[in-house]
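Next come the chains, spelled out residue by residue.
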Amino acid sequence: MANHLLLVLAVIIVIFFKEATAAASYNVKKFGAKPDGRTDSSKPFMSAWSAVCGSTKPATIYVPKGRYMLGGLRFRGPCKNRAITIRIDGTLVAPSNYRVLGSANYWLLFNRVEGVTIQGGTLDAQGAGLWACKSSNSKNCPQGATSLAIYNSNKVVVNGLTSLNSQMFHMVVNGCNNVRMVGVNVVAPWNSPNTDGIHIQYSTGVTILSSKLTTGDDCVSIGPGSTNLWIEGVACGPGHGISIGSLGKDLKEAGVQNVTVKRVTFKGTQNGLRIKSWARPSSGFVNGVLFQNAIMTNVQNPIVIDQNYCPGRINCPRQHSGVKISNVKYVDVHGTSATKVAVKFDCSKKNPCRGITMRDVNLSFKNQKTAASSYCMNAGGTASGVVNPTSCL
Ligand SMILES: *[C@@H]1O[C@H](CO)[C@@H](O)[C@H](O)[C@H]1NC(C)=O
Ligand SMILES: *[C@@H]1O[C@H](CO)[C@@H](O)[C@H](O)[C@H]1NC(C)=O
């Protein structure tokens, strides 16, 4: 009998303890969200956000299956809570009229949050209308909204999220510390304008792992002030490649430091591994980059540094880039170039690239009897192991 009582008591204690520590979960449908793809569910989502942000213990917003139409949402912190999960089984859909968000900069913005995990889900920004406007050369097209913007935040995880057809960039990380993006899937057509996959700037400790990025602009673009960045296991293409830059647009600009890009593949992309700067004076720099283990398939510019970027030859003709590029390593880069020049280092006359190293690079000119070639201008460094085309450093 005493044993039974003890058992019952133990069970009660376990249940009580579980209740006390269980994360509170807020289902957006309970707040009135409608999974019909048409009803504006912005208010219910914001109510759920207020609930989790104001909670003092770990809390989850749960989005069940279905399509939820959302206008521009601002998930603002600081929150009382540093363990927020947004678990999405459904799809978030932007308004079909691109003008609703077109001038708003962002569709979904997280600002000043800490300890937020976005788990699963699909964002469907329905960007095709805006792209059509832009390609019709109409001057009345808005710039377009970034689908997911993470600003001024710490410890953010994005896991298993799919982003479809953004108006502008798919995702932007700006002013953040410690952001992990894992298993991200970006999908947009090769000819959709300005649809960069993931753009990073003024952030440190950003990690992108095991992701597939197919889009109309850079798969990953790395802007000023990016440090301690790690990109591994990314498949890019179609798209414009993984790009550090454009840098040096401004006279006073933060540098890019300690970037690792590993185990990446490029298929039919415009560029592979690129560093790009404006041909203008700038305090910007790039120091410490490792590009390791990349496979190129039919890539127009597999390895490229271009410091003479000056679109339309406006505000920079005959100027030289102030951006100082140093300590850039290319190790184990293989595959095919779609153009004859597989390796191009076109550096600044005023600030030549220094400390470029190449080891075991083998790129051939696709389906051609003529060999691939390399081009160096104002570039210094060393080559070792197999280097094909022959190094011009
Ligand atoms: C470079 O960045 C990685 C993360 O990407 C970090 O682990 C490492 O400590 C950084 N190195 C330096 C010297 O800061
Ligand atoms: C370079 O790649 C080509 C094409 O894949 C291959 O035939 C060649 O053997 C490779 N060269 C070396 C030295 O690995």
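Below, the structure is looked at part by part. (Residues numbered from 1 in each chain as written. Chains lettered and ligands numbered in written order. Predicted model: local features only at pLDDT ≥ 70, side-chain atom pairs only at ≥ 80, totals over all residues. Heavy atoms only, no water.)

Concerning helix α2 (residues 42–54)
Note: α-helices contain 3.6 residues per turn, so residues at a spacing of three or four share the same orientation.
Right, so step 1: End to end, α2 covers 18 Å across 13 residues, agreeing with the expected 18 Å (1.5 Å per residue, within 8%).
Right, so step 2: Buried within α2 are the following residues: S42, P44, F45, A48, W49, V52 and C53. Along α2, the residues classed as buried sweep out an arc of 165 degrees about the axis, all on the same side. (Helix = DSSP H or I, 4+ residues; strand = E, 2+ residues; numbered from the N terminus. Expected span 1.5 Å × (residues − 1). Buried < 20%, exposed > 50% of the residue type's maximum accessible area, 1.4 Å probe, protein only. Arc of directions from axis to C-beta.)

Let's talk about the packing of aromatic side chains
Right, so step 1: Evaluation of the coordinates by the stated rule reveals nine aromatic pairs.
Right, so step 2: Where Y330 meets F345, the ring centres are 5.7 Å apart and the plane angle is 45 degrees; that geometry is what we call tilted. Taken together, the residues Y330 in strand β24 (residues 324–337) and F345 in strand β25 (residues 341–346) connect sequence positions 15 residues apart. Residue Y330 shares its accessibility class with F345, and that shared class is buried.
Right, so step 3: These aromatic residues form a ring-pair network of at least three members: W49, F75 and F110. (Phe/Tyr/Trp six-rings, centres within 6.5 Å; stacked < 30°, edge-to-face > 60°.)

Section: the sheet that holds strand β15 (residues 198–201)
Strand pairing in a sheet is mediated by backbone hydrogen bonds. Such pairs are either parallel or antiparallel.
Right, so step 1: Taken together, the 11 strands give an open sheet; going across it, the order is β5-β7-β9-β12-β15-β17-β19-β21-β23-β25-β27, and neighbouring strands pair in parallel fashion. Looking at strand neighbours, the two that pair on one side only are β5 (73–76) and β27 (373–377), the edges of this open sheet. Across the sheet, the mean angle from the axis of one strand to that of its neighbour is 15 degrees, orientation sign disregarded.
Right, so step 2: Strand direction decides the pairing type here: β25 and β27, joined by five bridges, are parallel. If you follow K344 over to β27, its bridge partner there is Y375.
Right, so step 3: Here α2 sits on the sheet in contact with β5 and β7 (106–111), set at roughly 5 degrees to β5. (Pairing = 2+ DSSP bridges. Axes fitted to C-alpha atoms, helices over the stretch in contact; angles between N-to-C directions. Contact = heavy atoms within 4.5 Å.)

Things to note about the site of ligand 1
Right, so step 1: Taken together, N228, L229, W230 and N258 make up the full set of residues near ligand 1.
Right, so step 2: Side-chain polar atom of N258 to an oxygen atom of ligand 1: 2.3 Å apart, as the coordinates give it.
Right, so step 3: Coverage of ligand 1 by the protein amounts to 38% of the 360 Å² it exposes when considered alone.
Right, so step 4: With three residues, strand β18 (residues 226–236) is the largest single contributor of residues to the shell around ligand 1.
Right, so step 5: Here the residues of the shell around ligand 1 are counted per class, giving two nonpolar, two polar and no charged. (Near = heavy atom within 4 Å. Polar contact = N/O pair within 3.5 Å; in protein donor to acceptor, adjacent residues only side chain to side chain. Areas by Shrake-Rupley, 256 points an atom, 1.4 Å probe, with all protein chains shown as cover. Nonpolar A, V, L, I, M, F, W, Y, C, P; charged D, E, K, R; others polar.)

What to know about the pattern of salt bridges
Right, so step 1: Applying the stated criterion across every chain, the model contains four salt bridges.
Right, so step 2: The closest approach of N and O atoms between D124 and R67, which form a salt bridge, is 3.3 Å. Of this pair, D124 sits in strand β8 (residues 114–124) while R67 sits in strand β4 (residues 67–69); the two residues are 57 residues apart in sequence, bridging distant segments of the chain.
Right, so step 3: The class of D124 is buried, set by a relative accessible area of 11%. (Salt bridge = Lys/Arg side-chain N within 4 Å of Asp/Glu carboxyl O.)

Focus on helix α3 (residues 128–135)
Right, so step 1: Along α3, the residues classified as buried are L130, W131 and C133. Here the buried residues of α3 occupy an arc of 160 degrees about the axis, which is enough to place them on one side.
Right, so step 2: A positive phi of about 65 degrees marks N137, the residue just after α3.

A short note on the state of the cysteines
Right, so step 1: All chains considered together, the criterion is met by six disulfides.
Right, so step 2: Note on cysteine connectivity: C133 is disulfide-linked to C141, with sulfurs 2.0 Å apart. With the S-S dihedral at roughly -100 degrees, the linkage between C133 and C141 falls on the left-handed side. No difference in accessibility class separates C133 from C141, as the two residues are buried.
Right, so step 3: At a sulfur-sulfur separation of 1.9 Å, the disulfide partner of C347 is C353. With the S-S bond torsion at -95 degrees, the cross-link from C347 to C353 turns out left-handed.
Right, so step 4: By relative accessible area, which is 2% here, C347 ends up buried.
Right, so step 5: Overall, C353 belongs to the buried group, its relative accessible area being 2%.
Right, so step 6: In the chain, the bonded cysteines, taken in the order they occur along the sequence, pair up as 1-2, 3-4, 5-6, 7-8, 9-10, 11-12.
Right, so step 7: Free of any disulfide, C176 has its nearest cysteine sulfur in C79, 14 Å distant.
Right, so step 8: A residue is classified by how much of its surface remains accessible, and C176, at 3% relative accessible area, is buried. (Disulfide = S-S within 2.5 Å.)

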